[in-house]
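As a plain string of letters, each chain reads:
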Amino acid sequence: PLAYVNKEIKIGVTGTQEIINEYNVEAYPYIKVYGTGSGNIYINDEIITLTNINEYVELDSELEECYKDTSNCNKYMIGNFPVLNEGTNEVSYDGGITFVEITPRWRTL
């Protein structure tokens, strides 16, 4: 079974940033994306395109849901739900995105 470690820690991303997963399994993060319009989030080799951002949108990789409050926003997301691999993960964004807040949800065996 997996155990969560520092489940509530939040990482603010401004520009390009490396996030290091020190644990031995991948993490399925919760990500809150701030901005307006459209933009892309880059995590390692994955690209997540978001459209119709109005203040913010939330991505939950455990639930595989994109939403804002109680509104489903899956139709405004193109790409796979992000995963934070073991080791170094490079995160960046562009377009109408102004800030990204990641709750990694680190896990270990």
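This report concerns the structure included in the present document.

About the criteria used
Residues numbered from 1 in each chain as written. Predicted model: local features only at pLDDT ≥ 70, side-chain atom pairs only at ≥ 80, totals over all residues. Heavy atoms only, no water. Helix = DSSP H or I, 4+ residues; strand = E, 2+ residues; numbered from the N terminus. Rg over C-alpha atoms; globule rule 2.2 N^0.38 Å. Buried < 20%, exposed > 50% of the residue type's maximum accessible area, 1.4 Å probe, protein only. Contact = heavy atoms within 4.5 Å. Areas by Shrake-Rupley, 256 points an atom, 1.4 Å probe, with all protein chains shown as cover. Lys, Arg positive; Asp, Glu negative; His and termini not counted. Charge placed at Lys NZ, Arg CZ, Asp CG, Glu CD. Salt bridge = Lys/Arg side-chain N within 4 Å of Asp/Glu carboxyl O. Phe/Tyr/Trp six-rings, centres within 6.5 Å; stacked < 30°, edge-to-face > 60°. Lys NZ or Arg CZ within 6 Å of the ring centre and 35° of its normal.

**A short note on the overall build of the protein chain**
Scanning the protein chain for helices and strands turns up 0 helices and 11 strands. Moving toward the C terminus, one meets the helices and strands of the protein chain in the order β-β-β-β-β-β-β-β-β-β-β. Expected size for 109 residues packed as a compact globule is a radius of gyration near 13 Å; at 13 Å, the protein chain falls within 12% of this value. Taking all 109 residues of the protein chain together, the buried fraction comes to 44%. Long-range contacts, defined as pairs at least 24 residues apart, comprise 69% of the intrachain contacts of the protein chain with a sequence gap of at least 6. Summed over all atoms, the accessible surface of the protein chain reaches about 5,900 Å², with 46% contributed by carbon and sulfur. A distance of 9 Å separates the average location of the 7 positive side-chain charges in the protein chain from that of its 17 negative side-chain charges.

**Description of the pattern of salt bridges**
Working definition: two side chains of opposite charge can pair if their charged atoms are close together. Applying the stated criterion across every chain, the model contains 2 salt bridges. Across the pair arginine 105 and aspartate 60 runs a salt bridge whose closest N-O atoms are separated by 2.8 Å. Of this pair, arginine 105 sits in the loop between strand E10 (97–103) and strand E11 (107–108) while aspartate 60 sits in strand E5 (residues 46–60); the two residues are 45 residues apart in sequence, bridging distant segments of the chain. We note that arginine 105, like aspartate 60, is buried. When the shortest N-O distance is used, the salt bridge between arginine 105 and glutamate 62 registers 3.7 Å. Highlighted residues: arginine 105 in the loop between E10 and E11 and glutamate 62 in the loop between E5 and strand E6 (65–68), separated in sequence by 43 residues.

**So, the environment of glycine 35**
Checked against the element boundaries, glycine 35 lands in strand E4 (residues 30–43). Its relative accessible area of 8% is what places glycine 35 among the buried residues. Residues glycine 35 and phenylalanine 99, spaced 64 residues apart in sequence, show a C-alpha to C-alpha distance of 6.9 Å. Those residues in contact with glycine 35 that lie beyond four places of it in its chain are Ile53, Asn54, Glu55, Tyr56, Gly96, Ile97 and Thr98.

**Here's the deal with the environment of alanine 27**
Here alanine 27 is to be found in the loop between strand E3 (17–21) and E4. Residue alanine 27 is classed as buried on the basis of its relative accessible area of 0%. On a C-alpha basis, the gap between alanine 27 and threonine 103 in space is 9.8 Å, while along the polypeptide they are 76 residues apart.

**Considerations on the side chain of glutamate 101**
Mapping glutamate 101 onto the fold places it in strand E10. Despite being buried, glutamate 101 has no salt bridge partner; lysine 10 is the closest side chain of opposite charge, sitting 4.2 Å away. What glutamate 101 contacts, discounting residues up to four positions off in sequence, is Lys10, Ile11, Tyr30, Ile31, Lys32 and Tyr34.

**Focus: the packing of aromatic side chains**
Inspection of every chain in the model, using the stated rule, returns 3 aromatic pairs. For the ring pair tyrosine 23 and tryptophan 106, a centre distance of 6.4 Å and an interplane angle of 40° mean the geometry is tilted. Within this pair, whereas tyrosine 23 is found in the loop between E3 and E4, its partner tryptophan 106 is found in the loop between E10 and E11, the two being separated by 83 residues in sequence. For tryptophan 106, a relative accessible area of 6% translates into the label buried. Between tyrosine 34 and tyrosine 56, the aromatic rings sit 6.3 Å apart at their centres with planes inclined by 50°, giving tilted as the arrangement. On the criterion of sequence distance, the pair formed by tyrosine 34 in strand E4 and tyrosine 56 in strand E5 is long-range, its members being 22 residues apart. Overall, tyrosine 34 belongs to the partly exposed group, its relative accessible area being 25%. Residue class for tyrosine 56 comes out buried when judged on its relative accessible area of 14%. Through a chain of ring-to-ring contacts, three or more aromatic side chains come together here, namely Tyr34, Tyr56 and Phe99. The positively charged end of lysine 68 is found above the aromatic ring belonging to tyrosine 56, 5.0 Å away from the centroid.

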